[in-house]
Amino acid sequence: MAKKIAIIEDEPELSSLIEYNLARQGFSTLILAGSKGAMAELETYKPDLVILDIMLPDGDGFDLCRSIRRHTALGRVPIIFLTARSDEVDRVLGLEIGGDDYVTKPFSPRELIARVKAHLRRGESETEPEVAATVKRGPFTLDRAAHRVFLHEGELPLTSTEFRLLEFFLTHPGRAYSREQLLGEVWGEQHFVTPRTVDVHIRRLRERIEEQPDTPRFLTTVRGFGYRFEAPQA
Ligand code: CA
């Protein structure tokens, strides 16, 4: 079945350009021109990925991103932001509120499609049958099939990037990894991400899993190098 991509963008020329290029690659698409009513549309459509413009006429894409992340069924869908504002703050903010990626306007459709495919591939590789369905480490239980993580009994609300990052740490405990190594292991061949991206996601992940994010117990900083996941005992 064709993968479904929701395009939330108020500029008709841009949304139809994106739609045209996605359709040529065999994707199904839904175009929404604003954030009003978008949640209901997305609930019905159940997209495999969302392309989300930040500047919408009736609200901003960040708010919509938050609503998607809070939604039980949609929560972990990959979100790629489209932004006309290229300064770092907006980019970082986009990632901090739960976006998985961003593309700065103007962009080439080819570049956007490549990222769409990369995010969809990553989702698929997580369900490969030869990989153990469940990872248990200390108080953490990660269920790959259901794409859920529990700390003790409580479920952690993670974005797909946070999920992959925690999955990597849970399966590679006790070793130090540099930001560059983490980029290679978790983000793969997306060369547009920078080491700073790693820091942003580490900070967010700490807020999810640590009682005191500033003095982390599980996910520690290896000064001058990177990060290490301390092997927790049950
Ligand atoms: Ca716009």
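Here's what I pulled together on the structure shown here. (Residues numbered from 1 in each chain as written. Predicted model: local features only at pLDDT ≥ 70, side-chain atom pairs only at ≥ 80, totals over all residues. Heavy atoms only, no water.)

## A closer look at the sheet that holds strand β12 (residues 176-178)
The strands that make up a sheet pair up through hydrogen bonds in the backbone, lying either parallel or antiparallel. Pairing within the open sheet is antiparallel, and its three strands lie in the order β12-β14-β13. The sheet is open, and its two edges are formed by β12 and β13 (219-222), each paired on a single side. Taking each pair of neighbouring strands and ignoring which way they run, the sheet shows an average axis angle of 35°. Note: β13 against strand β14 (residues 226-229), four bridges, orientation antiparallel. Residue pairing for β14: Thr-221 is matched across the bridge by Tyr-227. Along the sheet, helix α6 (residues 160-171) contacts β12, β13 and β14; its crossing angle with β14, the most-contacted strand, is approximately 65°. (Pairing = 2+ DSSP bridges. Helix = DSSP H or I, 4+ residues; strand = E, 2+ residues; numbered from the N terminus. Axes fitted to C-alpha atoms, helices over the stretch in contact; angles between N-to-C directions. Contact = heavy atoms within 4.5 Å.)

## Description of unusual backbone geometry
In this structure, Pro-106 follows Lys-105 across a cis peptide bond, with omega equal to -5°. The residue Pro-106 is located in the loop between β7 (101-104) and α5 (109-125) in this model. With a phi close to 60°, His-147 is a non-glycine residue in the positive phi region. Position of His-147 among the secondary structure elements: in the loop between β9 (140-143) and β10 (148-151).

## Considering the packing of aromatic side chains
Counted by the stated rule, this structure contains seven aromatic pairs. Consider the rings of Phe-62 and Phe-81, whose centres lie 5.2 Å apart with planes at 65°: the pair is edge-to-face. Linking Phe-62 in helix α3 (residues 61-70) with Phe-81 in strand β6 (residues 79-83), this pair joins segments that are 19 residues apart in sequence. The pair Phe-62 / Phe-81 is uniform in exposure class, with both members buried. (Phe/Tyr/Trp six-rings, centres within 6.5 Å; stacked < 30°, edge-to-face > 60°. Buried < 20%, exposed > 50% of the residue type's maximum accessible area, 1.4 Å probe, protein only.)

## Concerning the packing of α6 against helix α7 (residues 179-187)
As a packed pair, α6 and α7 sit with axes 10 Å apart at the nearest point and diverge in direction by 110°. Comparing the axis directions of α6 and α7 gives the class roughly perpendicular. By crossing handedness, the relation of α6 to α7 is classed as right-handed. Packed against α6, whose contacting residues are Thr-161, Arg-164, Leu-165, Phe-168 and Phe-169, the element α7 presents Leu-182, Glu-185, Val-186 and Trp-187 at the interface. Looking at side-chain class alone, the contact of α6 with α7 contains six nonpolar, one polar and two charged residues. (Parallel < 35°, antiparallel > 145°, perpendicular 65-115°, else oblique. Left-handed = near helix turned anticlockwise from the far one by under 90°. Nonpolar A, V, L, I, M, F, W, Y, C, P; charged D, E, K, R; others polar.)

## Remarks on the coordination of the calcium ion
For a metal bound by four donors in tetrahedral geometry, the ideal donor-metal-donor angle is 109.5 degrees, whereas six donors in octahedral geometry ideally sit at 90 or 180 degrees. The protein atoms that coordinate the calcium ion are Asp-10 (OD), Asp-53 (OD) and Met-55 (O), at distances of 2.1 to 2.3 Å. Between the donor residues of the calcium ion, the gaps in sequence give the motif D-x42-D-x1-M. You can see Asp-10 sitting in the loop between β1 (4-8) and α1 (12-24) and its partner Asp-53 sitting in strand β3 (residues 49-53), a full 43 residues away along the chain. The class of Asp-10 is partly exposed, set by a relative accessible area of 29%. (Donors = N, O, S within 2.8 Å, 3.2 Å for Na, K, Ca; no water.)

## Things to note about the pattern of salt bridges
Counted under the stated rule, the structure contains 14 salt bridges. Between Glu-155 and Arg-76 there is a salt bridge, with its nearest N and O atoms 3.3 Å apart. Of this pair, Glu-155 sits in strand β11 (residues 154-155) while Arg-76 sits in the loop between α3 and β6, and the two are 79 residues apart along the sequence. What makes Glu-155 partly exposed here is its relative accessible area of 34%. For Asp-199, the salt bridge is made with Arg-179, and the minimal N-O distance between the two is 2.7 Å. A residue pair is termed long-range when its members are at least 10 positions apart, and Asp-199 in helix α8 (residues 195-209) and Arg-179 in helix α7 qualify at 20 residues. Judged by relative accessible area, Arg-179 falls into the partly exposed class, the value being 23%. Overlapping salt bridges bring together Glu-9, Glu-11, Asp-53 and Lys-105 as one network. (Salt bridge = Lys/Arg side-chain N within 4 Å of Asp/Glu carboxyl O.)

## Concerning helix α2 (residues 38-45)
Within α2, the full set of buried residues consists of Ala-38, Met-39, Leu-42 and Tyr-45. Down the axis of α2, the buried side of the element spans an arc of 130°, and every buried residue falls inside it. The elements touched by buried residues of α2 are β1, β2 (28-32) and α3. Two residues or fewer after α2 comes Lys-46, characterised by a positive phi angle close to 50°. (Arc of directions from axis to C-beta.)

## A short note on the pairing of β10
Side chains on a regular strand alternate between the two faces of the sheet. Where burial is concerned, the two faces of β10 differ: the one with Val-149 and Leu-151 is buried and the one with Arg-148 and Phe-150 is not. Sheet topology note: the β9/β10 ladder contains four bridges and is antiparallel. Looking across to β10, one finds that Phe-140 is bridged to Leu-151. Between β9 and β10, which pair antiparallel in sequence order, lie four residues; one of them, His-147, sits at a positive phi of approximately 60°. Across two bridges, β10 lies against β11 in antiparallel orientation. Note that in β11 the partner of Phe-150 across the bridge is Glu-155. Connecting β10 to the antiparallel partner β11 that follows it, the hairpin turn spans two residues, and His-152 within it adopts a positive phi of roughly 55°.

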